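Per-entry structural report
In case you want the letters, here they are:
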Amino acid sequence: SGLERPQVVSHAQQALSYTLFDCKWVPRSARLLCLGSAPRGTGLLQLYELRGGRLALLREIEKAKPIKCGTFGATSLQQRYLATGDFGGNLHIWNLEAPEIPVYSVKGHKEIINSIDGVGGLGIGEGAPEIVTGSRDGTVKVWDPRQKDTPVANMEPVQGESKRDCWTVAFGNAYNQEERVVCAGYDNGDIKLFDLKTMSLRWETNIKNGVCSVEFDRKDVNMNKLVATSLEGKFHVFDMRTQHPTKGFASVSEKAQKSTIWQVRHLPQNRDIFMTSGGAGSLHLWKYEYPTQRSKKDSEGAEMGVAGSVSLLQNVTLSTQPISSLDWSPDKKGLCVCGAFDQTVRVLIVTKLNKV
């Protein structure tokens, strides 16, 4: 019933004087970060605090190159260091208390770093703290901040293969010290799953349109499901529990809207609920329903996965411009921040999430 459906309520918003590329909650705080590009071509990092219904600017830091993306995923809760990727291909790690000089810096890529993710930090997931970066130069690299200058893994096109712009990267399967995968999505619709334990390509598929965002429902569990969003308004949910020898992973796809789906983010407190953000300035809240049986045997007796279904819980249009970044608060259920190309950052509250 309409009364029981979650509502997306705009709680606070702030107009910005620059292009916003990413926004992130600072873990265990009422603070958030905005990362972007100043009109004169430099990078900007702004730290805001949520005070009642408004955002108070605490600090503004300018850097040489526009900042495209950031993550806290590889840091401890004590330090809460931010890792960023910029237009110059640099990976930097910042202590926000003393942000003048990065605590770690490497020229990671020849071109812009489009996407970044972290794992092994914040008490989430097993294993070493690692950061993955995906770049326009076609490579995906994994970094351990304890190791200077060289990546611990480098996934690049094989000899003779044309390089594709990597738009999105995500960690998954980090449920023990040994296991870990990286999923990467590319401008031609390729999705590749790299196994970091065996250093091999574990699976690949193509969804026919540029892959804007990929995310596992949780990084720190046995691979369960993966959502990939695309340039033409579709998203795909892959059941990652069972990999068939030839067919790969079962999936369900949904044509969510007419325009690009820029981001997907799973609710930290309930991994079967996720939000997608769109090119028409809208947010869609979805729920995944598992099938009665998650796997079945094919005619040869090989196990294959069975995809579930998705249902739309709510949608709301907030902006006339694409919503390009999205982040749920890890601490407060239903609190979320999004950034759009109308140069506005918005804090939203999604209600009734415990009822769905």
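Nothing here was measured: the structure is a model prediction, and the numbers come from that model. (Residues numbered from 1 in each chain as written. Predicted model: local features only at pLDDT ≥ 70, side-chain atom pairs only at ≥ 80, totals over all residues. Heavy atoms only, no water.)

Scanning the entire structure with this criterion turns up 22 salt bridges. The residue Glu49 makes a salt bridge to Arg51 at a minimum N-O spacing of 3.0 Å. By relative accessible area, Glu49 is classed as buried at 19%. With relative accessibility at 40%, the residue Arg51 sits in the partly exposed group. Note that Asp239 and Arg294 form a salt bridge whose closest N and O atoms lie 3.1 Å from each other. Of this pair, Asp239 sits in strand 20 (residues 234-239) while Arg294 sits in the loop between strand 24 (282-289) and strand 25 (295-297), placing them 55 residues apart in sequence. (Salt bridge = Lys/Arg side-chain N within 4 Å of Asp/Glu carboxyl O. Buried < 20%, exposed > 50% of the residue type's maximum accessible area, 1.4 Å probe, protein only. Helix = DSSP H or I, 4+ residues; strand = E, 2+ residues; numbered from the N terminus.)

A few words now on the UniProt feature "repeat: WD" (unreviewed entry) in the protein. Residues annotated by UniProt as "repeat: WD" (unreviewed entry) correspond here to residues 131-144. A distance of 6 Å separates the end C-alpha atoms of residues 131-144, which is 0% helix and 64% strand. (UniProt positions renumbered as here; feature names shortened; annotations may be inferred.)

As a further point, take the packing of aromatic side chains. Enumeration over the complete set of coordinates arrives at 7 aromatic pairs. Relative to Phe274, the ring of Phe235 has its centre 5.4 Å away and its plane inclined at 90°; by these criteria the two rings are edge-to-face. Taken together, the positions of Phe235 in strand 20 and Phe274 in strand 23 (residues 270-278) put the pair 39 residues apart, joining distant regions of the chain. Ring centres 5.1 Å apart and planes at 80° place the aromatic pair Tyr288 and Tyr290 in the edge-to-face group. Here Tyr288 falls in the buried class, since its relative accessible area comes to 2%. Note on Tyr290: relative accessible area 30%, which makes it partly exposed. The ring of Tyr104 has Lys148 lying over it, and the distance from NZ or CZ to the ring centre is 4.9 Å. (Phe/Tyr/Trp six-rings, centres within 6.5 Å; stacked < 30°, edge-to-face > 60°. Lys NZ or Arg CZ within 6 Å of the ring centre and 35° of its normal.)

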